[in-house]
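Letter by letter, the chains look like this.
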Amino acid sequence: MTTVLITGANRGIGLELARQYADAGAQVIACVRDPAKADALKSLGGKVEILALEVTDPKSVAALKDALKGRPLDIVINNAGVGGPQGEAKGEIDFAGWTRTLQVHAIAPMMVAQALYENLRAGHDKKLVTITSILGSIAGHGGDMYPYRASKAAVNSVMHGLSRQWAKQGIAVGIFHPGWVQTDMGGAGAPVKPEDSVKGLRARIAELNAETSGTYRDYTGAPIAW
Ligand SMILES: NC(=O)c1ccc[n+]([C@@H]2O[C@H](COP(=O)([O-])OP(=O)(O)OC[C@H]3O[C@@H](n4cnc5c(N)ncnc54)[C@H](OP(=O)(O)O)[C@@H]3O)[C@@H](O)[C@H]2O)c1
């Protein structure tokens, strides 16, 4: 049976990933900041195990590592994310907020990857996935949303690098944009429903291999310019 760990699984894309993997018969380890409030996850039934994880807190990541010691993981999905501060470069940027955004999007995925490296090595599928954004494309920078864009560009760099390093260990690294999705972050007017985004993401994760490891793609499989 495939075991999938998902960060930020309390709502949005993470919750839908948990739902679809559980429906498909996978063992799901759903990581959330506050398990006591994870009512939607609890209602999923199936093989969903809920663990506490604040991705920016090294102690929380260490506790997750301890809790999962010796347990093989097939797929680890770095999904937790924040919109980040919105101010533009006219004296409005919230730099403390920018730092927090970098911690969530760019640093935490590497902390999680490093903590769960042995679990991934012991897994069958050996796939590390990061849900990035098309807004991390430097080529496509629109001159706005600096904190969010910079944090996603940074994680793209980190995960591309990791794909090179971990190729020797047979771990494939996926870097996927989920589309503009109807979640709290994407808003009600977003064109893609969470179920369609996640259906695409699951297909991309299923086909992820040594050849495609480290490439930057959207949920339909289309490549994105770095
Ligand atoms: N929606 C879009 O259009 C879109 C487009 C491109 C990329 N993405 C990316 O897709 C991913 C999921 O986004 P979404 O739309 O599902 O967002 P969302 O609905 O706002 O959900 C974000 C999830 O991340 C969790 N989270 C945030 N900070 C965390 C932290 N420090 N530690 C642990 N968990 C944390 C939240 O937990 P709580 O419930 O506890 O707050 C929540 O469950 C993000 O990486 C986002 O950047 C989304």
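Everything discussed here concerns the structure shown above.
Notes on the structure in this doc start here. (Residues numbered from 1 in each chain as written. Predicted model: local features only at pLDDT ≥ 70, side-chain atom pairs only at ≥ 80, totals over all residues. Heavy atoms only, no water.)

Within the protein one finds seven helices and seven strands. Reading the protein from its N end, one meets helices and strands in the order β-α-β-α-β-α-β-α-α-β-α-β-α-β. Against the 2.2 N^0.38 benchmark of 17 Å for 226 residues, the protein shows a C-alpha radius of gyration of 16 Å, consistent with a compact globule. The 226 residues of the protein split such that 48% are buried. Look at the contacts in the protein between residues 6 or more apart in sequence, and 66% of them connect residues 24 or more apart. In the protein, which carries 24 positive and 21 negative side-chain charges, the distance between the mean positions of the two groups comes to 4 Å. (Helix = DSSP H or I, 4+ residues; strand = E, 2+ residues; numbered from the N terminus. Rg over C-alpha atoms; globule rule 2.2 N^0.38 Å. Buried < 20%, exposed > 50% of the residue type's maximum accessible area, 1.4 Å probe, protein only. Contact = heavy atoms within 4.5 Å. Lys, Arg positive; Asp, Glu negative; His and termini not counted. Charge placed at Lys NZ, Arg CZ, Asp CG, Glu CD.)

We now examine helix α3 (residues 58–67). Residue pairs three or four apart in sequence face the same way in an α-helix, which turns once every 3.6 residues. Restricting attention to buried positions, one finds in α3 the residues S60, V61 and L64. Buried residues in α3, looked at end-on, bunch into an arc of 100°, giving them a common side. Residues of α3 that are exposed and angled more than 90 degrees away from the buried face: P58, K59 and D66. Elements in contact with the buried residues of α3: β1 (3–6), β2 (27–32), β3 (48–52) and α4 (95–115). Regarding α3, its N-cap is D57, as a side-chain oxygen of that residue lies 2.9 Å from the backbone nitrogen of K59 further along. (Arc of directions from axis to C-beta. Polar contact = N/O pair within 3.5 Å; in protein donor to acceptor, adjacent residues only side chain to side chain.)

Turning our eyes to something else, we now look at the site of the ligand. Looking at the ligand, there are 30 residues lining it, with R11, R33, E54, Y148 and T183 nearest. In this structure, I13 approaches the ligand through a main-chain N or O atom, which is 2.8 Å from an oxygen atom. For the ligand, an oxygen atom lies 3.3 Å from a polar atom in the backbone of G81. In isolation the ligand has 890 Å² of accessible area, and contact with the protein removes 93% of it. Residue classes in the shell around the ligand are distributed as 12 nonpolar, 13 polar and five charged. (Near = heavy atom within 4 Å. Areas by Shrake-Rupley, 256 points an atom, 1.4 Å probe, with all protein chains shown as cover. Nonpolar A, V, L, I, M, F, W, Y, C, P; charged D, E, K, R; others polar.)

In this section: helix α6 (residues 146–166). With 21 residues, α6 extends 30 Å from end C-alpha to end C-alpha; this agrees with the ideal 30 Å at 1.5 Å per step. Every buried residue belonging to α6 is among P147, Y148, R149, S151, K152, A153, V155, N156, M159, L162, S163 and W166, and all of these are buried. Buried residues in α6 make contact with β4 (75–78), α4, α5 (117–122), β5 (127–131), β6 (172–177) and β7 (216–218). (Expected span 1.5 Å × (residues − 1).)

Tallying each qualifying case throughout the model produces seven salt bridges. A salt bridge links D34 to K37; the nearest nitrogen and oxygen atoms lie 3.7 Å apart. For D34, a relative accessible area of 31% translates into the label partly exposed. Taking the relative accessible area as the measure of exposure, K37 reaches 61% and is therefore exposed. In this structure, the salt-bridge partner of E49 is R71, at a minimum N-O distance of 2.8 Å. With E49 in strand β3 and R71 in the loop between α3 and β4, this residue pair connects regions lying 22 residues apart in the sequence. With relative accessibility at 26%, the residue E49 sits in the partly exposed group. On the basis of relative accessibility, which here comes to 27%, the residue R71 falls in the partly exposed class. (Salt bridge = Lys/Arg side-chain N within 4 Å of Asp/Glu carboxyl O.)

Next up on the list: unusual backbone geometry. In the Ramachandran plot, K126 falls in the positive-phi region, its phi being about 55° despite a non-glycine side chain. The phi angle at M145 is positive, at roughly 45°, despite the residue not being glycine. Mapped onto the elements of the fold, M145 is located in the loop between β5 and α6.

Taken in spatial order, the seven strands line up as β3-β2-β1-β4-β5-β6-β7 in an open sheet, and their pairing is parallel. What marks the edges here is a single partner per strand, and that holds for β3 and β7. Neighbour-to-neighbour, the strand axes of the sheet open up by a mean angle of 25°, direction not taken into account. Sheet topology note: the β4/β5 ladder contains four bridges and is parallel. Residue I77 lies in a different strand from β5, and its bridge partner there is V129. In the packing of helix α1 (residues 12–23) onto the sheet, contacts are made with β1, β2, β3 and β4, and the angle to β1 comes to roughly 170°. (Pairing = 2+ DSSP bridges. Axes fitted to C-alpha atoms, helices over the stretch in contact; angles between N-to-C directions.)

This is a description of form; function is not addressed.
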